[in-house]
Every structure is written in C-alpha cells, then in structure tokens.
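# Geometric and topological summary
What follows is each chain in one-letter form.
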Amino acid sequence: MKINPGPVMLDVVGKTLTADDIRRLEHPMTGGVILFARHYENRAQLVALTDAIREVRPELLIAVDHEGGRVQRFRTDGFTTLPAMGKLGTLWDADVLHATKVTTAVGYILAAELRACGVDMSFTPVLDLNYGQSQVIGDRAFHRDPRVVTMLAKSLAHGLALAGMANCGKHFPGHGFAAADSHVAMPVDERPLDEILRDDVAPYDWLGLSLASVIPAHVIYPKVDSKPAGFSRIWLQDVLRGKLRFTGAIFSDDLSMEAARQGGTLTEAATAALQAGCDMVLICNQPAEAEKVLDALRFTPSKESRQRIERMRPRGKALKWSKLIAEPEYLQAQSLLRSAVA
C-alpha cells in the first residue's frame, strides 16, 4: 500500500540500509532522503543504496547537495568534477554567451549523472549574491550582480531540466551579505527590507515560473522579522508566496544547524518551519534524533503542499550510466565544460 510522503527529509546511517534505517523510512512522517559524501563509495554502491530506498518506499524523494566546487558529494568513479559556480560567473565576465552554454552543460552533466545513480534532485542553484564577506557562500555564488546570477541560474536550471531534474534556489532571501556561517553560528543581516528586495531577492522574482523550489536561509533580518527566514511567515508567506507569487515547493535548510536552534527542540523547530510555510523539513546527520521528530511531530501537510513536493519528482526515464556516457548530448556537454576549465 502506498503511503503519502510525509513532511520530513532525513538521511540514513551509512552506505547500506540498516534495520533502523528501514524503520525510519517506513514512518508515515518521512517524505524524503538526503545523501552526503559519507553515503558514497562508488557508483555501484550508490545505485544499490538508492534502489534499496525505493524498495522500502518508492515515493520518497532522494536528494543531495551537489552544486559543484567545494559542495559536491560524489566525486570519484566517473562523476565529473564540477566547477564552483563563481568560476562560471568569471566566465560570464569574459564571454556572456559562452558562459551560458557552459552553465547549461554543467546543469545537464550534474543532473544526468545523479539520475543515472537513482538520485532525484540536487539542491541547486545557489542564488545568493557574492558580497565577498560570507564565510559559507563565497564562490558557491555565481556573481555579485543579481542580473548575472539570474541568467546563469536560468542556464543551469535549463541544463537540469534537459536531464529531467527540477531545481531549487537557495538561500532565500539571501545569505551572501551576512558574514557568519549558519552551520555554526546565527547570521544576522541588518539591512532594510527594500534593499534586500532590490538586490538579493531579485533573482527569485526574475526567475519566476522557472524556479521549482526554494530553501530559505537560516539568517535573521531584524528589520523585517525577529525569526530566521525559514521560520518566518513574513518571509515565506507575505514576501515569497504573496509578493513574488511563488507557487513551488519550500524546503527548510538543515534543522540540525546551529542557526536553526532558535526554534527550540528539533521537533519544535520542525513544527515552526512547517507552520511558517515550509513543505518539507530537513534533519541531517543525526538519524536517531530525526526519528524522535518523526514520532513526536503532529502535522498534516495540505493537499497543495503534497502536490508541490510531487512536482519535484524527475521527469522521464533516467539513462543508465553506460548509455549516458555514450550519449551525444552528454559528450557535447563534457566537451564544452573541458574547454571552459582547461
């Protein structure tokens, strides 16, 4: 019997499923699995892991943070080493048309390789602006100029779509200005709302319907709300859904991060994020604690919320790796990327 996916995305313990993992995956509150470098040994093992997850619950969304540069979880056994997005921004400064073509190629390679291994989506692209002061963003951002960020993100999203993968813009409304790393501290951005809307939010507005999903930042913008954006109805409902008319899915950033502990216990944080407007909450790197949330959480996603998550599923049948690496589009994309990073 198919169970409706729940609103929690968590990870598994290791490279193969344990009995504890299976119990957590079967929980009705579970809706997705996020994978990290510690879940990867080689492609055969990754395919076996994603197949095993689907045997337990075929409807679960399998995701990964696989951006390129320093945030790329799978790097060996044939996976292409993808450039940091900042390198694509530098390419734009030299040759706009070439940069857009290379960025589309990067998106296609990224998505096609992941899908060949059973992964449904990557949380990419980063839409933050590179102000040169964020410890955690840096060259993960395409550029300082929101117009360039928008155009390159659109090219990357086009490449993802060519391989049947949805996209996810992060970290709304913008993490590039706040200096602190939200994994270990609570970043604060003191700027007024109109300045953030004019600069950092612009890519979310301009991308419009091509933006499939969003992750809000674990950043406090005290001139707007005392809560971090991921727990703020002002940011998620009034600005993102209301002002920008965004209709896609909203995933929380990792609730295990230091900046998310403003929400109290993990269960309280998950409840607060869901009530603020997130469709799915992420609890990473502590499966046993995630299970406590699964058991304690009292939240029923709306039909609309479930539909938004359903739209994140990949389109079309994924190519097996052996067919992918002989496909003309893939070979052309590889050639374009090599010419750009040579």
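Overview of the structure. (Residues numbered from 1 in each chain as written. Predicted model: local features only at pLDDT ≥ 70, side-chain atom pairs only at ≥ 80, totals over all residues. Heavy atoms only, no water.)

### Some thoughts on the environment of G68
The cut-off we apply is this: A run of DSSP states H or I qualifies as a helix once it reaches four residues; a run of E qualifies as a strand once it reaches two. Both are numbered from the N-terminal end. Buried, partly exposed and exposed residues are distinguished by accessible area as a fraction of the type maximum, computed with a 1.4 Å probe on protein chains only: under 20%, between the cut-offs, and over 50%, respectively. When checking whether two residues touch, look at their non-hydrogen atoms; a contact exists if any pair is within 4.5 Å.
Inspection of the secondary structure puts G68 in strand β4 (residues 66-68). With relative accessibility at 5%, the residue G68 sits in the buried group. Between the alpha carbons of G68 and T124 there is a distance of 9.3 Å; along the sequence they are 56 residues apart. Contacts of G68, omitting those with residues within four sequence positions, involve L82, P83 and A84.

### Let's talk about the side chain of E291
Structurally, the position occupied by E291 is in helix α10 (residues 287-296). Since its relative accessible area comes to 14%, E291 is described here as buried.

### Description of the sheet that holds strand β7 (residues 169-172)
So the rule is basically this: Two strands make a pair as long as DSSP finds a minimum of two bridges between them. Where helices are involved, their axes are fitted lines through C-alpha atoms of the stretch in contact, as for all axes, and angles between N-to-C directions lie from 0 to 180°.
In spatial order, the strands read β6-β3-β2-β1-β10-β9-β8-β7; together these eight strands make up an open sheet with parallel pairing. One side of each edge strand has no neighbouring strand; the edge strands of this open sheet are β6 (121-122) and β7. Note: strand β3 (residues 61-64) against β6, two bridges, orientation parallel. Within β6, the residue paired with A63 across the bridge is M121. Relative to the sheet, helix α9 (residues 266-276) contacts β9 (249-254) and β10 (280-283), its axis offset from that of β10 by approximately 150°.

### Examining the environment of R233
Selection rule: Pairs of N or O atoms within 3.5 Å make up the polar contacts considered here, provided that, within protein, one atom can donate a hydrogen while the other can accept it, and that residues adjacent in sequence are counted only when both atoms are side-chain atoms.
Within the secondary structure, R233 sits in helix α8 (residues 233-243). Residue classification places R233 among the partly exposed positions, given a relative accessible area of 49%. Sequence separation between R233 and P58 is 175 residues; the distance between their C-alpha atoms is 32 Å. Separated by 2.8 Å, the side chain of R233 and the backbone oxygen of Q275 make a polar contact.

### Side note on the nonpolar core
Soluble globular proteins tend to pack their nonpolar side chains together in the buried interior. The test is simple: Remark: nonpolar core denotes a set of buried residues (Ala, Val, Leu, Ile, Met, Phe, Trp, Tyr, Cys) joined through side-chain atoms within 4.5 Å.
M9, F74, M121, F123, F172 and F251 are the most contacted members of the largest nonpolar core, which totals 105 residues. When residues of this core are assigned to their parent elements, the largest contribution, eleven residues, is made by helix α4 (residues 96-116).

### Here's the deal with the packing of aromatic side chains
As a reminder, the rule being used: Each pair of aromatic rings taken from Phe, Tyr and Trp, with Trp reduced to its six-membered ring, is defined by centres within 6.5 Å and is described as stacked if the planes are under 30 degrees apart, edge-to-face if over 60, and tilted in the remaining cases.
What the rule picks out here adds up to nine aromatic pairs. Ring centres of F172 and W235 lie 6.0 Å apart, and the angle between their planes is 85°; on these two criteria the pair is classed as edge-to-face. One end of the pair, F172, is in strand β7; the other, W235, is in helix α8, with 63 residues separating them in the sequence. With respect to burial, F172 and W235 carry one shared label: buried. With a centroid separation of 5.2 Å and an interplanar angle of 65°, the aromatic rings of Y221 and W235 are classed as edge-to-face.

### Regarding empty space enclosed by the protein
To be explicit about the condition: Here the term cavity refers to a set of points on a 1 Å grid, laid over the protein atoms alone, in which a 1.4 Å probe fits but cannot get out; the term pocket refers to an open set having protein on both sides within 12 Å along at least five of seven lines, with lining residues being those that place an atom within 4 Å of a point. Grid points are joined across faces, edges and corners, and a volume is the space filled by probe spheres set on the points. Under the scheme applied here, ten amino acids are nonpolar (Ala, Val, Leu, Ile, Met, Phe, Trp, Tyr, Cys and Pro), four are charged (Asp, Glu, Lys and Arg), and all others, including Gly, are polar.
Under the definition given, this model contains two cavities of 30 Å³ or more. For the largest cavity, the full set of lining residues is P125, L127, A153, K154, A157, N167, L207, S210 and L211. Sort the elements by how many residues they give to the lining of the largest cavity and helix α5 (residues 146-162) lands first, with three residues. By residue class, the composition of the lining of the largest cavity is six nonpolar, two polar and one charged. As a volume, the second largest cavity reaches approximately 30 Å³. The wall of the second largest cavity is formed by E67, G68, G69, R70, A84, M85, D139 and R140. A per-class count over the lining of the second largest cavity returns two nonpolar, two polar and four charged.

Scope: geometric values only; no functional claims are made or implied.
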